[in-house]
Amino acid sequence: MIESPVANPFVLPITVRETEIDLQGHASNVAILGWMNRAAWEHSKAMGWDIPQYQQLAGWFVVRRHEIDYRSQAMLGDELLAYTWPSDLAKATAERRHRIVRPADGRIVAEGFNVWAFVDAETTRPKRIPPELRAAFDPARFL
């Protein structure tokens, strides 16, 4: 059994596909980053924040930084779980943590975090994260 990294993470099941395998025969770093981004977006949608809601705010999050530690390899057909959760909020930035695990053997495939900036949809300049968005992604809700 895999222990959850926090009390209330979002979990996205993943099956490693052939298109995600690199020349070395395992899931590529690009695939792993893609899974983290997909988990973040699916979590946002599950919380009620999809494209129309961000358009109503006239703003959205753009990534400013990715950091990933690769712990073990994922192979074609592996069943994985991508955990993600908000871990910090500032005035105009949000941090999100990720952990990808293989339940079959309990191995962590990768761990990482992203720093996101909330930006104005028109100018792309940073702006304060609105209160309703802050409430939805308050890290305290996930610990």
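Residues numbered from 1 in each chain as written. Predicted model: local features only at pLDDT ≥ 70, side-chain atom pairs only at ≥ 80, totals over all residues. Heavy atoms only, no water.

Here we look at the pattern of salt bridges
What counts, and what does not: For this analysis, a salt bridge means a side-chain nitrogen from Lys or Arg found within 4 Å of a carboxyl oxygen belonging to Asp or Glu. Here's how the labels work: a residue is buried when its accessible area is under 20% of the maximum for its type, exposed when over 50%, partly exposed in between, all with a 1.4 Å probe on protein chains only.
This structure, assessed with the given rule, holds nine salt bridges. Its salt-bridge partner being Arg 17, residue Glu 20 comes within 3.0 Å of it at the nearest N-O pair. Exposure remark for Glu 20: the relative accessible area of 7% places this residue in the buried category. Note on Arg 17: relative accessible area 47%, which makes it partly exposed. The partner of Glu 67 in a salt bridge is Arg 65, with the nearest N and O atoms 2.5 Å apart. Linked by salt bridges that have partners in common, Asp 69, Arg 71, Arg 99 and Glu 111 make up one network.

A word on the packing of aromatic side chains
Threshold: Pairing of aromatic rings covers Phe, Tyr and Trp, the last through its six-membered ring, and needs centres within 6.5 Å; plane angles under 30 degrees mean stacked, over 60 mean edge-to-face, and all others mean tilted.
Taken as a whole and judged by the stated rule, the model has four aromatic pairs. Their ring planes at 50 degrees and their centres at 5.7 Å tell us that Trp 49 and Tyr 54 sit as a pair that is tilted. Classification of Tyr 54 as buried rests on a relative accessible area of 7%.

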